[in-house]
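# Coordinate inspection notes
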Amino acid sequence: MCIASTALAKAQGSNDDEKNRFSPLNTAVPSLSIAPDARGGGMGDNGASTLPDIASQYWNPSKYAFMESKAGIGISYTPWMRKIVNDVALAYLSGYYKLGQHDQHAIGASLRYFSLGVVEMRDIGGTWYQDLNPYEMAVDLSYSIKLTEGFSLGVAMRYIRSDMGANSDDGLSPGNSAAADLSGYGEKYLALGNSEGLWSYGFNISNMGNKVSYDGGTTNQFLPTNLKLGTGLLMPLDDYNQLGIYIDFNKYLVPSEPIQMNDEEDSDFETRREDYNNMQFVKGMVKSFSDAPGGFSEELKEINISVAAEYNYNSQFFVRGGYFYENQMKGNRQYFSVGAGFKMNVLKIDAAYLISTVPSNPLDQTLRFTLSFDMDGLKGLFQ
């Protein structure tokens, strides 16, 4: 998909104005950007400032310090691009445990596995000779701490492996990397007439790490480093009903890939491509704010927006909805999502459904499912 996008961008570069060129930011291990859980997925891929839950490891690990329960574990499953294939899926396992006498510290962990199904390899005559089983995976560990009653910080470390079924005879091998996240989350109660609302805010800079190579370092690709900022307000409607409204802003901290301009010499373009290939990820993060070919207006197009709402009855029954917007020149992911959840003392079940608002979107009709367990509740069953 990344190769096709790059080819299309180059083809259009000779005809279109720089500011209107289709130029998505291509990265290695794109599955790291897929929302793994049904709650966030049912809210338009929103989660920087939503109330803490079992999947906070992905959205904002610092939220674990605000979890009410001592520990929890959850598993999510997402059949991916079911309109096109039937053997591509994302599985996600996450959990946390609170530490300290006053539960102000928490550790979290997760494992994500993205299977790309079976890829048949055929020769030029169409004869099958091999099946490949490409996959991408990541395992991570986080630590979060409440610095005050209303604010926490979190850090996470991640190991990433991307195996496209490469053949060592062709000089190819799986790509590996290590990355880190830095996050923060805060809550504050506000007076809303005769009641109190909960204002929340958060940020997460995720996947800061070394570039990935599948050919021994000849070609290097950036990880999908991302800056997520969000805020929201949870409002009581009465003693049993609450409504939360949230907004997230996302920007990839990845530099724009060089595209040859109409009047650019081949040698100059090759120099820019080599500089891009050898660029370290920290420098790339800095350049990502000012290197778009179309200038500041194109930088603004790289910001994705998601808005969401979540209604809950007695913190047991949940209905959710959201909208995700990505500029058409940067990937054109635009969709609504809806979801629902039901929580008991021990168990919580969530489901989500994606509805594309642009034609021919392979993500349309994507389903997500999450099953999570409150370990305090489980412990209580056996006492």
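Residues numbered from 1 in each chain as written. Predicted model: local features only at pLDDT ≥ 70, side-chain atom pairs only at ≥ 80, totals over all residues. Heavy atoms only, no water.

## With respect to the layout of surface pockets
- Here the second largest pocket defines a volume of roughly 1000 Å³.
- Residue lining of the second largest pocket: 39 residues in total, with Leu51, Pro52, Met67, Glu68 and Lys343 positioned closest to the centre.
- Elements that contribute at least two residues to the lining of the second largest pocket include exactly β1 (71-79), β8 (175-192), β9 (195-209), β10 (226-236), β12 (303-313), β15 (347-356) and β16 (367-374).
- Per-element tally for the lining of the second largest pocket: the top contributor is β16, with 4 residues.
- Residue composition of the lining of the second largest pocket, grouped by class: 17 nonpolar, 10 polar and 12 charged. (1 Å grid on protein atoms, 1.4 Å probe; cavity = no way out; pocket = protein on both sides within 12 Å on 5 of 7 lines; lining within 4 Å. Points joined across faces, edges and corners; volume = space filled by probe spheres on them. Helix = DSSP H or I, 4+ residues; strand = E, 2+ residues; numbered from the N terminus. Nonpolar A, V, L, I, M, F, W, Y, C, P; charged D, E, K, R; others polar.)

## Thoughts on the environment of Val307
- Residue placement: Val307 occurs in strand β12.
- Through-space distance from the C-alpha of Val307 to that of Gly321 is 8.6 Å; in sequence the pair is 14 residues apart.
- Look past the residues within four positions of Val307 in its chain and what remains in contact with it is Met43, Asn46, Tyr246, Ile247, Gly321, Gly322 and Tyr323. (Contact = heavy atoms within 4.5 Å.)

## Some points on helix α4 (residues 266-278)
- The terminal C-alpha atoms of α4 lie 18 Å apart, and with 13 residues this matches the ideal 18 Å at 1.5 Å per residue to within 8%.
- Along α4, the residues that are buried comprise Phe269, Tyr276 and Asn277. For α4, the buried positions fall inside an angular range of 100° around the axis, keeping them on one side. (Expected span 1.5 Å × (residues − 1). Buried < 20%, exposed > 50% of the residue type's maximum accessible area, 1.4 Å probe, protein only. Arc of directions from axis to C-beta.)

## Remarks on the packing of aromatic side chains
- Per the counting criterion, the structure on display carries 10 aromatic pairs.
- Ring geometry for Phe324 against Tyr335: centres 5.2 Å apart, planes inclined by 10°, an arrangement best described as stacked. Here Phe324, found in strand β13 (residues 317-325), pairs with Tyr335, found in strand β14 (residues 334-343); they are 11 residues apart in sequence, far enough to count as distant. Each of the two residues, Phe324 as well as Tyr335, counts as buried. (Phe/Tyr/Trp six-rings, centres within 6.5 Å; stacked < 30°, edge-to-face > 60°.)

## Let's talk about the nonpolar core
- Formed by Leu25, Ile205, Phe222, Leu227, Tyr252, Leu253, Val254, Tyr276, Met279, Phe281 and Met285, the largest nonpolar core amounts to 11 residues.
- Non-local contacts of Leu227, meaning those with residues more than four positions away in its chain, are made with Asn204, Ile205, Phe249, Asn250, Lys251 and Leu253.
- Of all hydrophobic cores here, the second largest spans 10 residues; its members include Ala35, Trp59, Tyr64 and Ala106. (Core = buried A, V, L, I, M, F, W, Y, C linked by side-chain atoms within 4.5 Å.)

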